[in-house]
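# Residue-level structural notes
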Amino acid sequence: YSVGPDPVAGYLNAHRIVNLAVETGCTAIHPGYGFLSENPQLAEICAKRRIRFIGPSAKVMRRMGDKTEARRAMIEAGVPVLPGTQDNLQDADDAAQQAEAIGYPVMLKATSGGGGRGIRRCGSEDELRRSYDRVISEVTKAFGNADVFLEKCILNPVHIEVQVLGDSHGNVIHLFERDCSIQRRNQKLIEIAPSPQLSADQRQFVGELAVRAAKAVGYENAGTVEFLMDAEGNFYFMEMNTRLQVEHTVTEQITGIDIVKEQISVAAGEPLHYRQEDINTHGM
């Protein structure tokens, strides 16, 4: 079925997608991992038109999609976060004042950003001020939202993302982690699962942190909780992707679990087919 003369614009039009689903008798929509996959408007429209959205609720997507709100939720849940601003920055002067309190280097980040865009490392006040307007312009064009905040920059971090699954019956499990530390311009290049940089104890700890994070916001369906680990082995929550990620197949390879199949079952109201003790890894 045609989504319109411009396929990109068509897949970015939530009303057009849902209208097409209704017209064709479709009862559920899987948003994939691009376009509208993290857009709460699509989930809301689906609910109004009685189409099952295969993903988390619009409320949870909004809460975890706003990085400052997500930080607050994690602090309330006892999940460690990086030192940073509690609210969005007002202007460059506010940024400079907050950065002085946090300590350089800092990361200037888009509140609604993602995909490596809207983020700059700043090692001094001069660098921060020079980057501020540039980042504001970039995030406004990319995300339609000019809000930015600051976090402490961790030098040479290990970047760990934990795959989680939750159902509507209060069950949440993790499918272990993927190591995405090898990056270029904050874009992931290589995914390794499980991480060769974690000990067994660290693996268990970060998996439990991810489950705690998901439970704290009532998360349902598939999601990914991302952490940074510093040189001392401390983990800090960075963000949550409220969708299926393109790299989910790496996790499927080491666990043998069909994540998309679980997504569809969860959306249909079924409990997860696995308990945490059922999950094992094979190979790397």
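Scroll up to find the structure this text is about.
Described in the following lines is the structure provided in the data block.

Parameters at a glance
- Residues numbered from 1 in each chain as written.
- Predicted model: local features only at pLDDT ≥ 70, side-chain atom pairs only at ≥ 80, totals over all residues.
- Heavy atoms only, no water.
- Helix = DSSP H or I, 4+ residues; strand = E, 2+ residues; numbered from the N terminus.
- Rg over C-alpha atoms; globule rule 2.2 N^0.38 Å.
- Contact = heavy atoms within 4.5 Å.
- Areas by Shrake-Rupley, 256 points an atom, 1.4 Å probe, with all protein chains shown as cover.
- Lys, Arg positive; Asp, Glu negative; His and termini not counted.
- Charge placed at Lys NZ, Arg CZ, Asp CG, Glu CD.
- Buried < 20%, exposed > 50% of the residue type's maximum accessible area, 1.4 Å probe, protein only.
- Pairing = 2+ DSSP bridges.
- Axes fitted to C-alpha atoms, helices over the stretch in contact; angles between N-to-C directions.
- Polar contact = N/O pair within 3.5 Å; in protein donor to acceptor, adjacent residues only side chain to side chain.
- Expected span 1.5 Å × (residues − 1).
- Bend = angle between axes of the 7 residues up to and from the residue.
- Left-handed = near helix turned anticlockwise from the far one by under 90°.
- Nonpolar A, V, L, I, M, F, W, Y, C, P; charged D, E, K, R; others polar.

Turning our eyes to something else, we now look at the overall build of the chain. The secondary structure content of the chain amounts to ten helices and eleven strands. For 284 residues, the compact-globule estimate of 2.2 N^0.38 gives 19 Å, and the chain sits close to it at 19 Å. If one aligns the C-alpha atoms of the chain with their principal axes, the spans along those axes are about 55 × 45 × 35 Å. Pairs at least 24 apart in sequence give 60% of the contacts found in the chain among residues at least 6 apart. Approximately 13,900 Å² of the chain is accessible, and the part contributed by carbon and sulfur atoms is 48%. Of the side chains in the chain, 30 bear a positive and 38 a negative charge, and the two mean positions are spaced by 4 Å.

Counting buried residues along strand 7 (residues 172-179), eight of its eight residues qualify, which places the element largely inside the surrounding structure. Bridge count between strand 6 (residues 158-166) and strand 7: six bridges; the pairing is antiparallel. By the bridge assignment for strand 7, Gly166 is matched with Val172. Hairpin remark: strand 6 followed by strand 7, antiparallel, with five residues in the connecting loop; positive phi at Gly170, about 90°.

On to the sheet that holds strand 11 (residues 235-241), then. Spatially, four strands are ordered 7-6-10-11 in an open sheet, and the strand pairing comes out antiparallel. Both edges of this open sheet fall to strand 7 and strand 11, since each of them pairs with a single strand only. Here the strands of the sheet are splayed against their neighbours by 25° on average, with no regard to which way each runs. With respect to the sheet, helix 10 (residues 259-267) is in contact with strand 6, strand 7 and strand 10 (221-229), its orientation differing from that of strand 10 by roughly 125°.

In this section: helix 6 (residues 92-102). Listed in full, the buried residues belonging to helix 6 are Asp94, Ala95, Ala96, Ala99 and Ile102. For helix 6, the N-terminal capping position is held by Asp91, with its side-chain oxygen 3.2 Å away from the main-chain nitrogen of Asp93. Just past helix 6, the residue Gly103 takes up positive phi, approximately 100°.

Attention now goes to helix 7 (residues 125-143). For helix 7, which comprises 19 residues, the first-to-last C-alpha distance of 26 Å matches the rise-based estimate of 27 Å (1.5 Å per residue) to within 8%. By the largest-angle criterion, Ser131 marks the main kink of helix 7, which is about 30°. All of the buried residues in helix 7 are Leu128, Ser131, Tyr132, Val135, Ile136 and Val139. After helix 7 finishes, the residue Gly144 shows a positive phi value of roughly 70°.

Direction vectors running N to C along helix 2 (residues 14-24) and helix 3 (residues 40-48) enclose 30°, while the axes themselves pass 9 Å from each other. The two elements helix 2 and helix 3 cross, and the hand of that crossing is right-handed. Side by side, helix 2 and helix 3 meet where Ala14, His15 and Val18 of the first sit next to Gln41, Leu42, Ile45 and Cys46 of the second. The residue inventory of the contact of helix 2 with helix 3, partitioned by class, reads five nonpolar, two polar and no charged.

Judged by how many residues are buried, strand 11 sits mostly within the fold: seven of seven residues are covered. By the bridge criterion, six bridges tie strand 10 to strand 11 in an arrangement that is antiparallel. The residue of strand 11 that forms the bridge with Phe227 is Phe237. Counting the residues between successive antiparallel strands, the hairpin from strand 10 to strand 11 contains five residues, one of them, Gly233, with a positive phi of roughly 85°.

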